Amino acid sequence: MSENKPLVLDEFMNGLVRRNPGETEFHQAVHEVAETVIPYINENPKYRTAQILERMTEPDRTIIFRVCWEDDEGHVRTNRGYRVQFNNAIGPYKGGLRFHPSVNLGVLKFLGFEQTFKNSLTTLPMGAGKGGADFNPKGKSDREVMRFCQAFMTELSKHIGEVVDVPAGDIGVGAREISYMFGQYKRLKNEFTGALTGKALEFGGSLIRKEATGYGNAYFMEEMLKNKGDSISGKNCVVSGSGNVAQFCAEKIIHLGGKVLTMSDSSGFVHDPSGIDQDKLNYIIDLKTVKRGRISEYADKYPESKFHEGKRPWSISCDLAFPCATQNELNEDEAKLLLVNGCKGVSEGANMPTEEAGVKAFLEAGILYAPGKASNAGGVAVSGLEMTQNSIRLSWSREELEERLKGIMRDIHNQCLKYGKEGDKVNYVKGANVAGFVKVAEAMLAYGVI
Ligand code: NDP
Ligand code: 2IT
């Protein structure tokens, strides 16, 4: 039977590309996983005969809808909304919502696919989904954002629920947007249930959720270094982004004794050779979350720093790099430049920030390299803990949650060691992909053909 022939990467990818034309980010995410998982599947033919990888790369369903709203001038605006319910083998669909003009089906499928492996790694019972809209929150008034969120949720509410699908934030969706959407969900359903995570503390949110992705990313780097008898303390660190993930990644690097040299946004990066300390970081957090300003304003406030317009921070010499902005923000040349300048570790806070050729350069150089599905899983992990707290109608303390988050990141690191050890090195890409795959694959096998 042809099903029993070994899987061949190129043949598998040709089929996937043919079925999903033009979805380049989705092709990239699947290729990165297939490269490491196909050899494992060929050693374990039960996954092959059950077509597990073919089934895992096809979302359970994709929902696409029109979102109409009125701007402050009374003009009617139309956007496209999405929810990709990727896989619920091990729990309700779970994953963020992204509001950004670059959102399209291919981007959300890549994110939903990655989420399948990431959520599996967290050890918590969560399936995978991702959604959002091509809405651009930049330059919109609060009332416009509110009207958009309400219109978006009016349709989305038909498809989600605390045991069905539980969205959260991502790029362009933070506390403000989650609050507007939760309010609308509650109003439409006439029930108070934890159908979203990342909520404010007053209405069912969890302590540490805001910090979790960034903190978790720094903890993951600390685990990788600890495994080699080293630590973040005293290291020069380059961070990209200045949003939720970047802010709290920088904060934890500072707590752990590292020096943060850069932060960025889509208009460029700031380099502060004297280091971005907690006071300066507090300025950035206020600038980006309250004033909704631009990172260039940092250089006006702190003249010892310099703003590099239109540039990314990877040319700055560092020991450790933390890409925390968006996908494909670090290319092959930049990866090689980081290596030449002495970078010894990269931990991804963003989803798929490194282009495939860049990943290859890091792996060939044998530096510590953590793919986002392992290193940024702290955010969705604490979302999972928010779901638990909502279910038992209790909230845990900051200390308890931070310990749990640390424990989960340690656990993810151990899973990477289990499947990724290659001599005295660890291939975290292979480790994360295979470990994430096995749990979901076993559940799918157990259900039979569905
Ligand atoms: P935010 O919206 O809070 O911040 C995004 C940051 O990235 C901003 O600094 C933004 O700059 C920058 N950015 C966005 N798009 C681009 C682009 N095309 N080019 C350059 N810079 C860009 O999002 P988050 O911090 O929540 O998300 C950052 C990354 O982390 C994403 O990849 C997300 O998927 C991932 N992630 C987020 C999690 C979470 O819990 N929030 C969990 C796990 C992963 P500007 O202000 O100019 O747009
Ligand atoms: O990419 C991600 O893991 C997130 N945006 C967080 C998802 C979540 O459900 O908390």
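Residues numbered from 1 in each chain as written. Chains lettered and ligands numbered in written order. Predicted model: local features only at pLDDT ≥ 70, side-chain atom pairs only at ≥ 80, totals over all residues. Heavy atoms only, no water.

> Mind showing me how you'd approach the overall build of the chain here?
A tally of regular secondary structure across the chain gives 17 helices and 14 strands. Against the 2.2 N^0.38 benchmark of 22 Å for 450 residues, the chain shows a C-alpha radius of gyration of 21 Å, consistent with a compact globule. Across its three principal directions, the C-alpha atoms of the chain cover 70 × 55 × 45 Å. Relative to its full complement of 450 residues, the chain shows a buried share of 57%. Here the analysis covers contacts within the chain between residues at least 6 apart in sequence; of these, 71% occur between residues at least 24 apart. Charge-centre separation for the chain: the mean point of 56 positive side chains lies 3 Å from the mean point of 58 negative side chains. (Helix = DSSP H or I, 4+ residues; strand = E, 2+ residues; numbered from the N terminus. Rg over C-alpha atoms; globule rule 2.2 N^0.38 Å. Buried < 20%, exposed > 50% of the residue type's maximum accessible area, 1.4 Å probe, protein only. Contact = heavy atoms within 4.5 Å. Lys, Arg positive; Asp, Glu negative; His and termini not counted. Charge placed at Lys NZ, Arg CZ, Asp CG, Glu CD.)

> Help me out: how do you make sense of the packing of aromatic side chains in this one?
For any pair of aromatic rings, the description consists of the separation of the ring centres together with the inter-plane angle of the planes. Under the definition given, this model contains 24 aromatic pairs. Ring geometry for phenylalanine 65 versus phenylalanine 152: centroids 5.5 Å apart, planes at 45 degrees, classification tilted. Highlighted residues: phenylalanine 65 in strand E1 (residues 61-70) and phenylalanine 152 in helix H6 (residues 142-156), separated in sequence by 87 residues. Accessibility classification places phenylalanine 65 together with phenylalanine 152 in one group, the buried group. Among the aromatic residues, those joined into a ring-pair cluster are Phe65, Trp69, Phe99, Phe135, Phe148 and Phe152. It is lysine 252 that lies over the ring of tyrosine 215; its NZ or CZ is 4.3 Å from the centre. (Phe/Tyr/Trp six-rings, centres within 6.5 Å; stacked < 30°, edge-to-face > 60°. Lys NZ or Arg CZ within 6 Å of the ring centre and 35° of its normal.)

> Please clarify how the nonpolar core should be interpreted in this entry.
Across soluble globular proteins, nonpolar side chains have a tendency to be buried as a group. Ranked by internal contacts, the top residues of the largest apolar core, which has 57 residues, are Phe220, Ile253, Met263, Phe322 and Ile412. When residues in this core are grouped by element, the largest group, eight residues, is from helix H8 (residues 209-226). Setting aside its immediate chain neighbours within four residues, isoleucine 253 contacts Ala218, Ile232, Cys237, Val239, Gly258, Lys259, Val260 and Phe322. Of all hydrophobic cores here, the second largest spans 39 residues; its members include Val33, Ala34, Ala89 and Phe437. (Core = buried A, V, L, I, M, F, W, Y, C linked by side-chain atoms within 4.5 Å.)

> What should I look at first to understand the site of ligand 1 in this one?
The environment of ligand 1 is made up of 26 residues, and the closest members are Asp170, Thr213, Ser266, Arg294 and Asn351. Within the backbone of glycine 172, one N or O atom sits 3.0 Å away from an oxygen atom of ligand 1. In this structure, an oxygen atom belonging to ligand 1 sits 2.8 Å away from a side-chain N or O atom of arginine 209. When the free accessible area of ligand 1 is taken as 880 Å², the share hidden by the protein chains comes to 83%. Only H8, helix H9 (244-255) and strand E7 (259-265) provide two or more residues apiece to the shell around ligand 1. When the residues that make up the shell around ligand 1 are grouped by side-chain class, the tally is five nonpolar, 13 polar and eight charged. (Near = heavy atom within 4 Å. Polar contact = N/O pair within 3.5 Å; in protein donor to acceptor, adjacent residues only side chain to side chain. Areas by Shrake-Rupley, 256 points an atom, 1.4 Å probe, with all protein chains shown as cover. Nonpolar A, V, L, I, M, F, W, Y, C, P; charged D, E, K, R; others polar.)

> I would appreciate a short explanation of the side chain of glutamate 114 in the present structure.
Among the structural elements, glutamate 114 can be located in helix H5 (residues 105-121). When sequence neighbours within four positions are dropped, the list of residues in contact with glutamate 114 reads Ala29, Val33 and Lys373.

> Help me understand helix H10 (residues 278-289) in this model?
Helical geometry: 3.6 residues make up each α-helical turn, so side chains three or four residues apart lie on a common side. With 12 residues, H10 ought to run about 16 Å at 1.5 Å a step, and its terminal C-alpha atoms sit 16 Å apart, in line with that. All of the buried residues along H10 are Lys280, Leu281, Tyr283, Ile284, Ile285, Leu287 and Lys288. Here the buried face of H10 lies against H9, E7 and helix H11 (296-301). (Expected span 1.5 Å × (residues − 1).)

> Can you walk me through the sheet that holds strand E6 (residues 236-239) in this structure?
Hydrogen bonds between backbone groups are what pair the strands of a sheet, and the pairing can be parallel or antiparallel. Spatially, E9-E8-E7-E6-E10-E11-E12 is the arrangement adopted by the seven strands of the open sheet, whose pairing is mixed. Every interior strand has two partners, whereas the edge strands, strand E9 (306-309) and strand E12 (368-370), have only one. Between one strand axis and the next, the sheet turns through 15 degrees on average, direction left out of account. In this structure, strand E11 (residues 345-347) lies alongside E12, joined through three bridges in parallel fashion. By the bridge assignment, valine 346 is partnered in E12 with tyrosine 369. H8 contacts strand E10 (320-322), E11 and E12 of the sheet and is inclined by roughly 145 degrees relative to E11. (Pairing = 2+ DSSP bridges. Axes fitted to C-alpha atoms, helices over the stretch in contact; angles between N-to-C directions.)

> Help me understand the site of ligand 2, please; the structure alone is not making it clear to me.
Neighbouring residues of ligand 2: 14 residues in total, closest Lys94, Lys118, Lys130, Asp170 and Ser383. Asparagine 351 is positioned such that a nitrogen or oxygen atom in its side chain is 3.1 Å from an oxygen atom of ligand 2. Serine 383 places a polar side-chain atom, nitrogen or oxygen, 2.6 Å from an oxygen atom of ligand 2. Calculation on ligand 2 without its partners gives an accessible area of 290 Å², and the protein chains cover 94% of this total. Looking at the shell around ligand 2, the elements with two or more residues in it are strand E3 (93-99), H5 and helix H15 (378-392).

> Just to check I follow, could you spell out the sheet that holds strand E2 (residues 76-87) for this structure?
The sheet built from five strands is open, its strands ordered E1-E2-E4-E3-E5 with mixed pairing. Where the open sheet ends on each side, the last strands, each with one partner, are E1 and strand E5 (165-168). Each adjacent strand pair in this sheet contributes to an overall mean axis angle of 20 degrees, direction not counted. Note: E3 against strand E4 (residues 128-133), three bridges, orientation parallel. Residue pairing for E4: leucine 97 is matched across the bridge by glycine 131.

> Got a minute to help me understand the state of the cysteines in this structure?
Taken as a whole and assessed by the stated rule, the structure comprises zero disulfides. Here cysteine 318 is not disulfide-linked; the sulfur of cysteine 343 is the nearest cysteine sulfur, at 4.2 Å. In this model cysteine 416 remains outside any disulfide bridge; the closest cysteine sulfur is found in cysteine 249, 17 Å from its own. (Disulfide = S-S within 2.5 Å.)

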